[in-house]
Amino acid sequence: MKRYSVLHAGTPKILFALLAAYLIVFFLLPVGKMLFAGITGEDGHLASGSIGIFIDNPLYIESLLNSIATALGAALLAALAALPIAITVWRFGLQPPLILELFGFLPLFVPPFMLSLSLQSLLGRGGALGMLMQPIADLDPALWGLPGMVVIEAIHYFPLVLMTLVLNTTAFSRQAHEAARLGNSWLRLITRVFLPLGVPGLAFGMVITFLKTLDDLATPLSLGITNLIAPQAFFRVSTYGSQDPLSSLMAMAMIVLSAATWIFSAGFVQQGVANWNAAPATRPERFNSRQRRIGVGCLLGLSTFYLLCYSGMILTSVAKIWSHTLLPETLALSHYLAALRNETGGFLNTLIYCGFAALLDVVIGLLMAYAIEHAAPRWKKPLVWGAAGLLSVPGVALAIAYLQFFHGMQLPVLGKPLDATWFLLPMAFSIRGLPFAIRACTFALQSLPASFVEAACMSGATRLAIVLRIVLPTMAFGLLMALLICFGIAAVDLSSAMLLVPSETDAPISYSIYLHMQTSTGRGTGSALAVLTIGFVALAMSLFVLAARRNWSPAASLRRLMFPGSATK
Amino acid sequence: MRRLLRLICLMLILVAHAGSWSADVVLVASPFPKELLSAYKKAFDEQSPAYRVEFVNFPATNTVSYLRDRAPGSRPDVFWGSSPDTFRALRRHDLLQSLEKLGNPDIPPVIGKLAIDDPELFYRGQALSGYGIMWNKRYLESRGIPPPAAWSDLAGPKYFGHIVMSSASRSSTTHLIVESILQGAGWDAGWALILQIAGNCATITERSFDVPNNITRGRFGLGPVVDFLALSGKYSGFPVDFAYAWPSIITPVGIGLINGAHNPEGGRAFIAFTLSEAGQQLLLRPDISRLPVLPRIYETQGRPADYPDLFDITRSYLPTYAPDVSEFRYQMVGALFDQLVTFRHRELVAISKTIHELAARLQRTPDAKAAALLERARALVYRAPIPENDELLTKKPLKTRDHIAAIAAREGEWARQGDRDLATARAWLAQANQLLSTRP
């Protein structure tokens, strides 16, 4: 049978060559060179010297172990907190509305150091709860050490773990009720049905928490914790420059650790049996009053907790003078005005870098999704998992690899060194956002009805007309979604931004917030910026859900998008 | 669909726009806080519509490597910072252009004993910075702690857990304070004092500005800062105060034109503006609070009543500070500080607590043997890992991979030695405590 295609016969080859070039120049070569720099001496010969130095220094071994322990601790704690709530949701057949499901992905779009800074205002000795408790206990987060970081990361990523867990289990909630009515005890159902169903979601949420915690730079630094592998690499690069062989080794250690985690967890994530498309069908018609009470209770409890956690930041953003008193002495909105007046540059930079990264991601994601779709069946699975495996490239490691690889390279037209421009920033962001882009684009590609294209081809429509009238309109929503996801992921990627930002005026908003949190006269402007940013992300998500409801009926399957374990068809 | 296209168009326009901006930009590299930079940006942009100022902000400790990595003609135009060491390093690497006659003739070349400008006019003094201790009045009062007067006061047990300080490798302010203590008190005694102060710290912050920030908020009680950060907090209405502590140090804030600047004319215009009366007047703004070098400014209206006096401050200048010595070992002092303090802070705090407690116990029940053990433990915990004449501190640092690896190997030695020392000291302290407990 003849296959009709929108593309010229030769076009895919050119596009895939470009795609390969992108992956080679912006991923494989930098990482390869970094590995090479870590294990060779000045003259290029293999030398195990730096590895010996790394292993011999108790500080580095301690940092590596601390990193593993913190990341693992955060993932476990988040899972432990999420399990009882997910069981409650499952047991009572609650179905969270789409907007709440999306809010579960909010941790991916908000940097966790904001929580750490908020808790410092809330529990520090300078005011609020921390000051109230001073006579009994010193709650200051600076004294918590590693456990503090574990708690903060766990609180931050808890919604994600909860949501992936809930999404994986709700599908069979109705069947479980039927089974319970037949005489199976709930305990038995939880161990025999809920847990096996939930494992892929739980594993995915936990692995994201692990990888993000391992890679986090701003949170430990804001807590004064330096004995972790990411801050150690950061300190080495800032003291000795990008040519330091030990920072290469640390970055490699992070990559290996992340990849190992990803491979280990892939087995669990893959086990997903939930039928995502069927999920909305099992939605109960109406909640009874008991279900409603429990649902509202869960929601109220969680939102109160998060509001409390972020109240430190909200209070700081409206406080004019707040110094060693329970509550601010004077309140003012001046910080918001200052943030809006002085930080338009930061917002604009974010729009430029993240927009650029997101556009690139969508184009490359589409290509890769197309390649995966059309790959030989035995290659499909390795490709899907390999693309998702890009998730395990830590931002710190990627930034160090870029600094080493592009060191001394001149831009041909502007005559500027490459690492003095903001160009590397969106490139790093695009690599980091790629796994999500591929998912979203695969999704968009599948919404393209092949029969329409074939029909148009047969009736003699031009390629341009097909692309403009059929391909783009049907895929628009999916592509827009991909664009927004990549944009959001790039906007919070501080780990690579902190190393790659060439100047403060070139900083994206999340880095501006980090800097503003450390100006001399308090954290007002930084807090105001942070509140504005979180508000903006939440608003964007809500608007998006509204748009999805109106334009696109199977909106509920949006949720499949973020989750690489689920079947795409 | 149309929305998607519109969004893409908007983004493309923005990206294109970003490229066209760089025409008349004056790029100023400076570790100063945003308040100061944005005030100067606003005033200068208004005064000189032909130029637009942009800032590169990074710790002054990285300036030389940052500039050397960039080809001449593409470097920032102006460096503006308070660390004399950085200017010396820039001069040594030939990264500054002579300013010749550019400047304000009303600014005296010498104030008190302090030379304001570079003798060869490669940079000009733009303001003065003094270093001292800032404290939160409410925090100290509520805990009954008196404010300190000298650096050595900070080593006392009453300040344990109330001090906040930054790292010498990340903050040029802290670096300057550490170096001035090392030079004022001598290498070994200096490190002993620094380690004792660090042992009393609640936390070591990543950025300089987080020190005054934590003190103005009353999260921690006191810490070493540069004067203007404390004064800007004080004049913005926070209950904080500041004192120049002995051995004190005053440095001129320098401003210079970078060799290989992208836009040297614009750079000159910006330097001239900062030295003019309008530029000097800006320093008195409450959120900036720096000491101008133009004496006339101190007579103008609008200066807070207890604003420091130019003459008083320059009189207390410590003349023994040798920027040459500091510059040579700049990177290594930062690296030593990180190895001894930043990366070992929790252990250092824990053992300092034990030492303070044992000392208090010995005061109640004197015991010669236990006191001797305590002294030995103190000497071991608060000692410099290498002597002042170590080749790492006296040889010019090379930025090659092998050299960095060699330094890393030495750092590993210090880390192992540090772990052993702490373990020994812990054993001695436990022994001393045991002696006191078993006394009849």
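Look above for the structure.
Here the structure is a predicted model, which means the values were calculated and not measured.

Colleague: Could you give an account of the overall build of chain A, with specific residues and numbers?
Modeller: Broken down by element type, chain A carries 23 helices and two strands. When burial is assessed residue by residue, chain A has 59% of its 569 residues classed as buried. The long-range fraction of contacts in chain A, counting pairs at least 24 apart against all pairs at least 6 apart in sequence, stands at 81%. As displayed, chain A offers around 22400 Å² of accessible surface, 71% of which is attributable to carbon and sulfur atoms.

Colleague: Any chance you could break down the overall build of chain B for me, citing the residues and the numbers?
Modeller: Helix and strand content of chain B: 18 helices and 12 strands. Counting over 440 residues, chain B shows a buried share of 60%. Relative to all contacts within chain B whose residues are 6 or more apart in sequence, the contacts with residues 24 or more apart total 78%. Total accessible area computed for chain B in this model is approximately 16900 Å², and 57% of it derives from carbon and sulfur atoms.

Colleague: Tell me what's going on with helix 14 (residues 330-340) of chain B, and back it up with residues and numbers.
Modeller: Most of helix 14 of chain B is tucked away, with 11 of its 11 residues classed as buried. For helix 14 of chain B, the full list of buried residues reads Tyr-330, Gln-331, Met-332, Val-333, Gly-334, Ala-335, Leu-336, Phe-337, Asp-338, Gln-339 and Leu-340 of chain B.

Colleague: So what's going on with the pairing of strand 9 (residues 201-205) of chain B? Residues and values would help.
Modeller: Residues and elements named next belong to chain B. Where burial is concerned, most of strand 9 is hidden: five out of the five residues are buried. Bridge count for strand 8 (residues 163-166) against strand 9 is four bridges, and the pairing is parallel. Bridging across to strand 9, Ile-163 finds its partner in Cys-201.

Colleague: Give a description of the packing of aromatic side chains that names residues and reports values.
Modeller: Across all of its chains, the model carries 30 aromatic pairs over all chains by this definition. Plain terms: the ring middles of Phe-26 of chain A and Tyr-402 of chain A are 6.4 Å apart, the flat faces sit at 55° to each other, and that makes the pair tilted. You can see Phe-26 of chain A sitting in helix 1 (residues 11-39) and its partner Tyr-402 of chain A sitting in helix 17 (residues 395-405), a full 376 residues away along the chain. Tyr-402 of chain A carries the same exposure label as Phe-26 of chain A, and that label is buried. Plain terms: the ring middles of Phe-242 of chain B and Tyr-244 of chain B are 4.9 Å apart, the flat faces sit at 85° to each other, and that makes the pair edge-to-face. Residue classification places Tyr-244 of chain B among the partly exposed positions, given a relative accessible area of 25%. The residue whose ring lies beneath Arg-143 of chain B is Tyr-139 of chain B, and the NZ or CZ to ring-centre distance is 3.8 Å.

Colleague: Mind laying out the pattern of salt bridges, listing which residues take part and the relevant values?
Modeller: All told, the structure shown has 26 salt bridges over all chains when counted by the stated rule. Residues Asp-45 of chain B and Lys-41 of chain B are paired through a salt bridge, measuring 3.2 Å at the closest nitrogen-oxygen approach. One end of the pair is Asp-45 of chain B and the other is Lys-41 of chain B, both in helix 2 (residues 34-47) and four residues apart, which spans about a single turn. For Asp-45 of chain B, a relative accessible area of 21% translates into the label partly exposed. The exposure class of Lys-41 of chain B is partly exposed, given its relative accessible area of 23%. Here Arg-52 of chain B makes a salt bridge to Glu-54 of chain B, at a shortest N to O gap of 2.6 Å. Through salt bridges that share partners, Glu-62 of chain A together with Arg-344, Glu-347 and Asp-419 of chain B make up one connected network.

Colleague: Tell me about the packing of helix 15 (residues 344-373) of chain A against helix 18 (residues 424-446) of chain A, and please be specific about residues and values.
Modeller: Residue and element names in this part refer to chain A. Look at helix 15 against helix 18: their axes get within 6 Å of each other, and the N-to-C directions meet at 45°. On the basis of the axis angle, helix 15 is oblique to helix 18. Crossing geometry of helix 15 relative to helix 18 is assigned as right-handed. Taken together, the residues of the contact of helix 15 with helix 18 sort by class into 21 nonpolar, five polar and two charged.

Colleague: I'd like a description of the interface of chain B and chain A, backed by residues and values.
Modeller: In this assembly, 77 residues from chain B lie in contact with 86 residues from chain A. The junction of chain B with chain A conceals about 6900 Å² of combined surface from both sides, 56% of it contributed by carbon and sulfur atoms. Considering only the surface of chain B that becomes buried against chain A, Arg-217, Arg-219 and Arg-401 of chain B emerge as the three largest contributors, covering 12% of it. One can count five salt bridges joining chain B with chain A. Where Glu-62 of chain A meets Arg-344 of chain B, a salt bridge forms, and the shortest distance between an N and an O atom there is 3.2 Å. On the surface where chain B and chain A come into contact, there are 23 residue pairs in polar contact (both at pLDDT 80 or more). Sorting elements by how many residues they give to the side of chain B that touches chain A places helix 18 (residues 401-437) of chain B first, with 12 residues. Here the residues of the side of chain B that touches chain A sort into 31 nonpolar, 22 polar and 24 charged.

What counts and what doesn't
- Residues numbered from 1 in each chain as written.
- Chains lettered and ligands numbered in written order.
- Predicted model: local features only at pLDDT ≥ 70, side-chain atom pairs only at ≥ 80, totals over all residues.
- Heavy atoms only, no water.
- Helix = DSSP H or I, 4+ residues; strand = E, 2+ residues; numbered from the N terminus.
- Buried < 20%, exposed > 50% of the residue type's maximum accessible area, 1.4 Å probe, protein only.
- Contact = heavy atoms within 4.5 Å.
- Areas by Shrake-Rupley, 256 points an atom, 1.4 Å probe, with all protein chains shown as cover.
- Pairing = 2+ DSSP bridges.
- Phe/Tyr/Trp six-rings, centres within 6.5 Å; stacked < 30°, edge-to-face > 60°.
- Lys NZ or Arg CZ within 6 Å of the ring centre and 35° of its normal.
- Salt bridge = Lys/Arg side-chain N within 4 Å of Asp/Glu carboxyl O.
- Axes fitted to C-alpha atoms, helices over the stretch in contact; angles between N-to-C directions.
- Parallel < 35°, antiparallel > 145°, perpendicular 65-115°, else oblique.
- Left-handed = near helix turned anticlockwise from the far one by under 90°.
- Nonpolar A, V, L, I, M, F, W, Y, C, P; charged D, E, K, R; others polar.
- Buried area = accessible area lost by both parts, 1.4 Å probe.
- Polar contact = N/O pair within 3.5 Å; in protein donor to acceptor, adjacent residues only side chain to side chain.

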